Amino acid sequence: MVNEMTTRSPALPQLAPRDADSHKGDYGRVLLIGGSPGMAGSISLSASASIRSGAGLVTVAVPRRCLETVAGYDRCYMTVALPDDLKGFYELAASRVAQLSESATVLGCGPGMRTGVGAEGIVKTLCSQESDKPLVFDADALNCLSQCDDWKSMLAPRMILTPHPGEWERLSGVAASDRKAQEAAAVETGKATGATIVLKGSKTFVTDGKKSVHNSTGNPGMASGGSGDVLTGVLCGLLAQGLAVFEAAHLGVFVHGRAGDLAAESVGQISLSASDLLQHLPAAFMSLSEQ
Ligand SMILES: NC(=O)C1=CN([C@@H]2O[C@H](COP(=O)(O)OP(=O)(O)OC[C@H]3O[C@@H](n4cnc5c(N)ncnc54)[C@H](O)[C@@H]3O)[C@@H](O)[C@H]2O)[C@@H](O)CC1
Ligand SMILES: Nc1ncnc2c1ncn2[C@@H]1O[C@H](COP(=O)(O)OP(=O)(O)O)[C@@H](O)[C@H]1O
Ligand SMILES: [Mg+2]
């Protein structure tokens, strides 16, 4: 197995029990940015997953044309409309994201966002902020990053990248068919930047260059559109509750896969949908105390 000699494999982190007199302000404010006409569901899955993963408050920033659609999916998150055009976010969206991110404690960006000048501006703005706020990049945020020659210099230890092998090939240049080389590239990127890389797959690999772990949960029923969007939201929810970056990634992929395993017991692998993952997150979190 790659990197066993150079990285440590840590124990599964845990969320602390909640204080009886705690309130939503104690559990963080997540801002998720993404969605586009035709892919409004993706960022909604992320936002609903953040709520199911314990975030105190969740806001979704979407292209104006998607606002009503996204708002209609779930009553528990808030929605904000950003400037858009027919292709998704418009250039002016980046400055609005900068304003909105001031009141957030955790940022997540990418599901369903598409690539384009507006989306690229958002990714560059988020990367350039002088901030310690955790930041999760998935899907089209990764595709936007891959269009920057100096993308590694834009990364920081506060960031989690969640590529599937196709996205990691676009970023790292290492073929999706060579899993070992992809994992080695993830370790190297972690070492060079301090960022945590979540290289998804049947045994998702999590590394920050110093610590690495292969996830043990999940099943092929999760090979269906939207599963990764749910993971983005889970990670943001855990970060919002104060878990450190690598620990949130480690626990997040485990509980996401556990939700997939519980969903498969309930509906089978064939019918398993990303909505089923959302529905089984509560039981997955409850099962953690049995670990
Ligand atoms: N309900 C929705 O609105 C959904 C929107 N989605 C969005 O659709 C956009 C495109 O994302 P996609 O991931 O579909 O497209 P991509 O073009 O990024 O990825 C698809 C390709 O990546 C490769 N790949 C993926 N997983 C792999 C693996 N485990 N091993 C080897 N190769 C692998 C394959 O070549 C595959 O055809 C993103 O913005 C995404 O967030 C998807 O999340 C699906 C659900
Ligand atoms: N065969 C599998 N076994 C376990 N987990 C899987 C399997 N196939 C996919 N997954 C999980 O499902 C998610 C898919 O993510 P992604 O490809 O980004 O999907 P999407 O973009 O459609 O939401 C990842 O977390 C991945 O680990
Ligand atoms: Mg994805």
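Given the structure is predicted, the values throughout are model-derived calculations rather than measurements.

Peer 1: I'd like to hear about the state of the cysteines, residue by residue, with values.
Peer 2: For the coordinates displayed, the defined rule picks out 0 disulfides. Distance from the sulfur of Cys66, which forms no disulfide, to the nearest cysteine sulfur (Cys109) is 14 Å. Left without a disulfide partner, Cys76 is nearest to the cysteine sulfur of Cys236, which lies 17 Å away. Residue classification places Cys76 among the exposed positions, given a relative accessible area of 55%.

Peer 1: Lay out helix 4 (residues 117-128) in plain terms, naming residues and giving numbers.
Peer 2: The terminal C-alpha atoms of helix 4, which comprises 12 residues, lie 16 Å apart, in line with the 16 Å expected from a rise of 1.5 Å per residue. Buried within helix 4 are the following residues: Gly118, Ala119, Ile122, Val123, Leu126 and Cys127.

Peer 1: Tell me about the pairing of strand 9 (residues 196-199), residues and numbers included.
Peer 2: Taking every second residue as pointing to the same face, both faces of strand 9 are buried, with Thr196 and Val198 on one and Ile197 and Leu199 on the other. With 2 bridges joining them, strand 8 (residues 159-161) and strand 9 adopt parallel strand pairing. Across the sheet, residue Ile160 finds its bridge partner in strand 9, namely Thr196. Note that strand 9 and strand 10 (residues 205-207) share 3 bridges and pair antiparallel. Counterpart to Leu199 in the pairing with strand 10 is Phe205. Counted between consecutive antiparallel strands, the loop separating strand 9 from strand 10 contains 5 residues, among which Gly201 sits at a positive phi close to 160°.

Peer 1: Requested: an account of unusual backbone geometry, with residues and values cited.
Peer 2: Phi is positive for Arg114, close to 65°, though the residue is something other than glycine. Turning to its location among the elements, Arg114 is positioned in the loop between strand 6 (106-109) and helix 4. Classification of Arg114 as partly exposed rests on a relative accessible area of 32%. Although it is not a glycine, Ala139 adopts a positive phi angle of roughly 45°. The class for Ala139 is buried, based on a relative accessible area of 13%.

Peer 1: A description of the pattern of salt bridges should follow, citing residues and the corresponding values.
Peer 2: Under the counting rule described, the total for this entry stands at 5 salt bridges. Between Arg65 and Asp84 there is a salt bridge, and its shortest N-O distance comes to 2.8 Å. Taken together, the residues span a long stretch of sequence, with Arg65 in the loop between strand 2 (57-63) and helix 2 (67-73) and Asp84 in strand 4 (residues 84-85) at a distance of 19 residues. Looking at Asp84, the relative accessible area reads 16%, which means it is buried. Between Glu183 and Arg179 there is a salt bridge whose closest N-O contact spans 3.2 Å. Of the two residues, Glu183 and Arg179 are both situated in helix 7 (residues 179-193); the distance of 4 residues between them amounts to about one turn of the helix.

Peer 1: So what's going on with the site of ligand 1? Which residues, and what values?
Peer 2: Near ligand 1 lie 14 residues; those nearest to it are Gly112, Asp140, His164, Arg170 and Asp229. Look at ligand 1: alone it shows 860 Å² of surface, and the protein chains cover 53% of it. Breaking the shell around ligand 1 down by element, the ones donating at least two residues are helix 5 (139-146) and helix 6 (165-172). The class makeup of the residues in the shell around ligand 1 is 4 nonpolar, 6 polar and 4 charged.

Peer 1: Tell me about the UniProt feature "binding site: AMP" (unreviewed entry) in the chain, residues and numbers included.
Peer 2: The UniProt feature table records "binding site: AMP" (unreviewed entry) at Lys200, Gly201, Ser202, Lys203, Thr204 and Gly228. Spatial clustering of the annotated residues is evident: they stretch over 29 residues in sequence, but the largest pairwise C-alpha distance comes to 13.6 Å. Lining of the largest pocket among the annotated residues: Lys200, Gly201, Ser202, Thr204 and Gly228. Tracing the sequence through the fold places Thr204 in the loop between strand 9 and strand 10. For Thr204, a relative accessible area of 9% corresponds to the buried category. The contacts of Thr204, once residues within four sequence positions are left out, are Arg179, Val198, Leu199, Val213, His214, Asn215 and Val253. Within the local environment of Thr204, its side chain forms a polar contact with the backbone nitrogen of Gly201, the two atoms lying 3.2 Å apart.

The rules behind the values
- Residues numbered from 1 in each chain as written.
- Chains lettered and ligands numbered in written order.
- Predicted model: local features only at pLDDT ≥ 70, side-chain atom pairs only at ≥ 80, totals over all residues.
- Heavy atoms only, no water.
- Disulfide = S-S within 2.5 Å.
- Buried < 20%, exposed > 50% of the residue type's maximum accessible area, 1.4 Å probe, protein only.
- Helix = DSSP H or I, 4+ residues; strand = E, 2+ residues; numbered from the N terminus.
- Expected span 1.5 Å × (residues − 1).
- Pairing = 2+ DSSP bridges.
- Salt bridge = Lys/Arg side-chain N within 4 Å of Asp/Glu carboxyl O.
- Near = heavy atom within 4 Å.
- Areas by Shrake-Rupley, 256 points an atom, 1.4 Å probe, with all protein chains shown as cover.
- Nonpolar A, V, L, I, M, F, W, Y, C, P; charged D, E, K, R; others polar.
- UniProt positions renumbered as here; feature names shortened; annotations may be inferred.
- 1 Å grid on protein atoms, 1.4 Å probe; cavity = no way out; pocket = protein on both sides within 12 Å on 5 of 7 lines; lining within 4 Å.
- Contact = heavy atoms within 4.5 Å.
- Polar contact = N/O pair within 3.5 Å; in protein donor to acceptor, adjacent residues only side chain to side chain.

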